[in-house]
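Survey of secondary and tertiary structure
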Protein chains: 4
Amino acid sequence: MEKISLDELKLYIKDIMQHQPFSALLNVQLTRLEDGYAQLEIPFKPELTQQHGFIHGGVVGYLADNVCGYAAATMVGEVVTQEYKINFLAPAIGRHFIGKGQVIRAGKRQVICRSDVYAVTEENQEKHVATALATILPVSYQVKT
Amino acid sequence: MEKISLDELKLYIKDIMQHQPFSALLNVQLTRLEDGYAQLEIPFKPELTQQHGFIHGGVVGYLADNVCGYAAATMVGEVVTQEYKINFLAPAIGRHFIGKGQVIRAGKRQVICRSDVYAVTEENQEKHVATALATILPVSYQVKT
Amino acid sequence: MEKISLDELKLYIKDIMQHQPFSALLNVQLTRLEDGYAQLEIPFKPELTQQHGFIHGGVVGYLADNVCGYAAATMVGEVVTQEYKINFLAPAIGRHFIGKGQVIRAGKRQVICRSDVYAVTEENQEKHVATALATILPVSYQVKT
Amino acid sequence: MEKISLDELKLYIKDIMQHQPFSALLNVQLTRLEDGYAQLEIPFKPELTQQHGFIHGGVVGYLADNVCGYAAATMVGEVVTQEYKINFLAPAIGRHFIGKGQVIRAGKRQVICRSDVYAVTEENQEKHVATALATILPVSYQVKT
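Because the structure is predicted, anything quoted here is derived from the model rather than measured.

**Some thoughts on the relation of the copies chain B and chain A**
Its rotation angle being 180 degrees, the transformation that places chain B on chain A also includes 0.0 Å of axial translation and leaves an RMSD of 0.0 Å. The superposition of one copy onto the other is thereby described by a two-fold rotation axis. In terms of proximity to the rotation axis, the leading residue of chain B is B:Lys85, whose C-alpha is 1.9 Å off the axis. With an isologous cut-off of 70% or more, the 100% of interface residues of chain B that recur at the interface of chain A puts this contact in the isologous class.

Here it is in structure tokens:
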């Protein structure tokens, strides 16, 4: 795959966001993209809550996973998530939710990323609600012949 | 917390499913509940897909996490997920999606669960799409005084 | 890499066990090897304990990781561990310790394995002390040119 | 448990290091301990290598796990590791190996820690060889009666 610029990748991700029905359903926004870093935000809406009014863990997991994938994409192009591990730190209560993903190491066969999810409170404080560690696979790999 | 029967827990979970807006949005169904085992299903709908038409990883993660939580609940009552790790094995393409969670060990301070997610194809074959390992916290724990 | 037979792989692993100083230090034995399955054992010795007389978590982690690697090797040849996640279930007290690793799915770009570690008691009971989930990388992969 | 000072904890950990036969075997040294932070070092010795002359993954895992435990101990006293997930980034080749663990969030029921392992080269460069995310359990917890 040819390397594309950050600006091209931004457009590409925004396009994905609109054409992924699930991402559109969550109303996900790409709010920052730099070399080795990606940030997504999801505004609160009642449809995303669990029975206590918190944002559902599935939405938190979505953010943790996807910011890792996009952060990796800034360095190696097209990727898929191989696996991730997420720790929940606090209930996800807030006006909107931010996922921040950064590359720890980008290699040819794997990209290791770390991500954190924050709930932004009414007082505009970022509360740390989850942290994750992910292995992202560059799709340009193939088997030796 | 007093121990409740499996039948009571089933009703309780079905009630949660209806009152969790996010679970209602995903149209999640509880299809089996036994001691140490829980099974959830989500039917395909276009709103849950990513850009290639597969069910989004966030939905797969939802299943993997929640069947662990409910499997744990059959043994220790009310719980929260502390953390989980999920490996993606294959694209989630199918008519519906099944999460199967089972308790590996239930202790007073932690319940360890394993779960698997399957996509059920048009030919009614279960294709293994993800596997997970989770730590579930019984909420009845408290600090020594 | 050419595929080798299970018997050849057994000899190869036993050779590694003797030529890996750390494995020799732990006195690790390969006790079973089948398609998609590997079993290692470590006898108790006081040098492997922590301050309470249990086998140290590092030894348990060694078993959990390595049986995954060897189980994967039966299906895809040479491998390296990308990552693993391990849950500790109970103190590792016993006469010897068994790691059992099995392949969940072997692909060309990744092999997903699960493993369990048991402490064998004086009464010859296997007590489950840890469970793990690992991503193993076949080393025959390379980047598209 | 009464809270002890950092200096008391340092002495306690150094005492553990000497009385844990496995830690003594690895020749582990505690080189830093601060609120929410712990650092351990292991000097290279041939007994710790695998067949390619790298330090064995089991030793890397030992460092990643234990610095998390000691970092957590600075905040909540006595602990046990519930689980950890480790990603291997590069072969562990060097003169000595440093594990650095830090607390992400310390709660009453769980302490979440992140750790990194570095190989220090002949040129005194720190090469990042592994990263981990762990859940540590404060042992002072008990079940509600």
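**What about the pairing of strand 1 (residues 29-34) of chain D?**
Residue and element names in this part refer to chain D. Sheet analysis places strand 1 next to strand 2 (residues 37-43), joined by five bridges and oriented antiparallel. Its bridge partner being in strand 2, Arg32 is matched across the sheet by Gln39. The antiparallel pairing of strand 1 with strand 2 creates a hairpin that spans two residues between the two strands, and Gly36 there sits at a positive phi of about 80 degrees.

**Here we look at the interface of chain B and chain A**
Listed by partner, the interface residues are 27 residues for chain B and 27 residues for chain A. Those elements that place two or more of their residues in the side of chain B that touches chain A are helix 1 (6-19), helix 2 (21-26), helix 3 (57-76) and strand 3 (79-88) of chain B. Here the side of chain B that touches chain A takes eight residues from strand 3 of chain B, the largest share from any one element. A class-by-class count of the residues in the side of chain B that touches chain A yields eleven nonpolar, twelve polar and four charged. Pairing of strand 3 (residues 79-88) of chain A with strand 3 of chain B involves five bridges; the strand directions are antiparallel. Within strand 3 of chain B, the residue paired with A:Ile86 across the bridge is B:Tyr84.

**Examining helix 3 of chain B**
All names here are of chain B. The first and last C-alpha atoms of helix 3 sit 29 Å apart over 20 residues, in line with the 28 Å expected at 1.5 Å per residue. Most of helix 3 sits out of view: 19 of its 20 residues are buried. Count one or two residues on from helix 3 and you reach Gly77, which has phi positive near 80 degrees.

**Description of the confidence of the model for chain A**
Summary statistics for chain A give a mean pLDDT of 92 and a share of 94% for residues scoring 70 or more. Both scores are given for the predicted complex: the pTM is 0.95, the ipTM 0.93.

**Things to note about the sheet that holds strand 5 (residues 111-120) of chain A**
What the twelve strands build is an open sheet, ordered 1(A)-2(A)-4(A)-5(A)-6(A)-3(A)-3(B)-6(B)-5(B)-4(B)-2(B)-1(B); its pairing is antiparallel. The open sheet has two free edges, formed respectively by strand 1 (29-34) of chain A together with strand 1 (29-34) of chain B, since each of these has just one partner strand. Averaged over all pairs of adjacent strands, the angle between strand axes in this sheet comes to 20 degrees, irrespective of strand direction. Sheet contacts for helix 3 of chain B: strand 3 of chain A together with strand 1, strand 2 (37-43), strand 3, strand 4 (96-106), strand 5 (111-120) and strand 6 (126-138) of chain B; angle to strand 4 of chain B, the most-contacted strand, approximately 40 degrees.

**Observations concerning the sheet that holds strand 1 (residues 29-34) of chain C**
Judged by pairing direction, the sheet is antiparallel, and its twelve strands sit side by side in the order 1(C)-2(C)-4(C)-5(C)-6(C)-3(C)-3(D)-6(D)-5(D)-4(D)-2(D)-1(D) without closing on themselves. Edge positions in the sheet fall to strand 1 of chain C together with strand 1 of chain D, since each has one partner strand and no second. Within the sheet, the average angular offset between the axes of one strand and its neighbour, ignoring direction, is 20 degrees. Sheet topology places strand 2 of chain D next to strand 4 (residues 96-106) of chain D; seven bridges connect them, and they run antiparallel. Looking across to strand 4 of chain D, one finds that D:Ala38 is bridged to D:Gly101.

Conventions adopted
Residues numbered from 1 in each chain as written. Chains lettered and ligands numbered in written order. Predicted model: local features only at pLDDT ≥ 70, side-chain atom pairs only at ≥ 80, totals over all residues. Least-squares fit on C-alpha atoms with pLDDT ≥ 70 in both. Contact = placed C-beta atoms within 7 Å. Pairing = 2+ DSSP bridges. Helix = DSSP H or I, 4+ residues; strand = E, 2+ residues; numbered from the N terminus. Nonpolar A, V, L, I, M, F, W, Y, C, P; charged D, E, K, R; others polar. Expected span 1.5 Å × (residues − 1). Buried ≥ 20, exposed ≤ 12 C-beta atoms within 10 Å, placed from the backbone. pLDDT = per-residue confidence, 0-100. Axes fitted to C-alpha atoms, helices over the stretch in contact; angles between N-to-C directions.

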